[in-house]
Amino acid sequence: MNRAGYLDTVGMWDATAGAPEQALAAMALAGDVLEGAVLPSFDDIRSVVVLGTGTSATAAELVSAHGAAHASIPIVVGSGYAAPSFVGPHTLAFALSFGGDTEETCAAATAAAERGAHMVIVSGGGELASMATASDLTLFGVPTDLPAARTALGSLAIPVLLTLSRVGIIPDVGPSLGAALSLLQPRRDALLVPGAPAEEVARHIGRTIPLVYGSTGVMAVAARRWKTQINENAKTPAFFAVQPELSHNEVAGWGQHGDVTRQVLSLVTLRHGGEHPQVARRFDLVVEATDEVMANVIPVWAEGDDDLARFFDLALFGDFMSLHMAGREGIDPGPVPALSDVESALRG
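About the cut-offs
Residues numbered from 1 in each chain as written. Predicted model: local features only at pLDDT ≥ 70, side-chain atom pairs only at ≥ 80, totals over all residues. Heavy atoms only, no water. Patch = residues over 30% accessible without salt bridge, like charges linked within 9 Å, V, L, I, M, F, W, Y side chains within 5 Å. Areas by Shrake-Rupley, 256 points an atom, 1.4 Å probe, with all protein chains shown as cover. Salt bridge = Lys/Arg side-chain N within 4 Å of Asp/Glu carboxyl O. Helix = DSSP H or I, 4+ residues; strand = E, 2+ residues; numbered from the N terminus. Phe/Tyr/Trp six-rings, centres within 6.5 Å; stacked < 30°, edge-to-face > 60°. Buried < 20%, exposed > 50% of the residue type's maximum accessible area, 1.4 Å probe, protein only. Pairing = 2+ DSSP bridges. Right-handed = clockwise from strand over helix to strand, strands pointing away. Axes fitted to C-alpha atoms, helices over the stretch in contact; angles between N-to-C directions. Contact = heavy atoms within 4.5 Å.

Enquirer: Hey, could you run me through a nonpolar patch on the surface in this one?
Expert: Residues Y81, V342 and L346 make up a contiguous nonpolar surface patch of about 300 Å² in total accessible area. Locating V342 in the fold gives a position in helix α13 (residues 337–347).

Enquirer: Help me out: how do you make sense of the packing of aromatic side chains in this one?
Expert: We describe a pair of aromatic rings using the distance from one ring centre to the other and the angle between the two ring planes. All chains considered together, the criterion is met by 4 aromatic pairs. Summarising the aromatic geometry, the rings of W226 and F317 are spaced 5.8 Å apart at their centres and angled 15 degrees between planes, so their arrangement reads as stacked. Here W226 is found in helix α9 (residues 218–234), whereas its partner F317 is found in helix α12 (residues 307–328), with 91 residues between them in sequence. With a relative accessible area of 1%, W226 lands in the buried category. Plain terms: the ring middles of F311 and F312 are 5.4 Å apart, the flat faces sit at 75 degrees to each other, and that makes the pair edge-to-face.

Enquirer: Please clarify how the pairing of strand β5 (residues 138–141) should be interpreted in this entry.
Expert: On β5, burial follows the alternation: T138 and F140 on one face are buried, whereas L139 and G141 on the facing-out side are not. Pairing analysis gives 4 bridges linking strand β4 (residues 118–123) to β5, with the strands arranged parallel. Bridge assignment links V122 to a residue of β5, and that residue is F140. In this region the chain leaves β4, passes through helix α5 (residues 126–135) and returns to the parallel neighbour β5; the handedness of that crossover is right-handed.

Enquirer: I'm lost on the sheet that holds strand β2 (residues 75–78) in this one. Help?
Expert: Hydrogen bonding along the main chain pairs the strands of a sheet, whether they run parallel or antiparallel. Sheet architecture is open: 5 strands sit in the order β2-β1-β3-β4-β5, paired in parallel fashion. Each having just a single partner strand, β2 and β5 make up the two edges of the open sheet. Going across the sheet, the axis of each strand differs from the next one's by a mean of 20 degrees, ignoring polarity. Relative to the sheet, α5 contacts β3 (91–97), β4 and β5, its axis offset from that of β4 by approximately 135 degrees. In the packing of helix α6 (residues 153–167) onto the sheet, contacts are made with β1 (47–51), β2, β3, β4 and β5, and the angle to β3 comes to roughly 165 degrees.

Pasting the structure below:
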């Protein structure tokens, strides 16, 4: 799939191109697991927590953002070593980890289990899978042949969404997910042709630092996904902010130093057809206010008719865009030595 001949030692391009099929497989596998799963009743659950860091945190934030618009009880993200203080016997707790040994998630999951939470594990192995086996917990597997956790977003998020649907905490998400994932395959094909929009966005960004603006809900999660994929794949700084909040603070910061920022920053706005009219207006006003202090202002419009379709569309777009950013600079997108160094130092 790496038709441009970019450096890619671990197969990040192939894994990214396979994201639609991976997500569809995750949906089918989750359905099979849920057929035999013993889950708590809706009446027994008063809160939900989704534990995870890195890509697992992105998956958790997607679930929480979708739940904010659809769930009947709170869905909270936990990305540290401790489980939130409310976790207890009436909590449905998900622990997400690609490899299963993420120390923060393992520590928080252990604490949640000790407090009597109903645990569900999404993992490719490690300590979390062992916890699931030892305690007969519901376990959703994650493919072990992927080159990096950040290529497993669908496998981490989809089982949580489907479980919440099964328990009745969110409405049936199956039709929406199925429709969203069916759109990803043609979108993937279109993004792989030479000169595709993701490649053009990477070209416009060039060697500037991307600032990604999203909006409340899943678009905020998409903006965070763009930032972290640029960090890890292209090994370059990136930042994100969210409308309408950024209109109340960050936009005030562009009053000075325009001679500097226009040389080093590019603004990417993540847009969609379902925006609140005032959010759309805020985007227009912010673009007007920042146009003179940015190297480029680049709008990217999501395809799809609901929040899940738009999120997965923009996530795939951003993944390919970040790979193009890496390739243009001769950067190998797979290895992340800075992260490995931190983990090694912690273990030492």
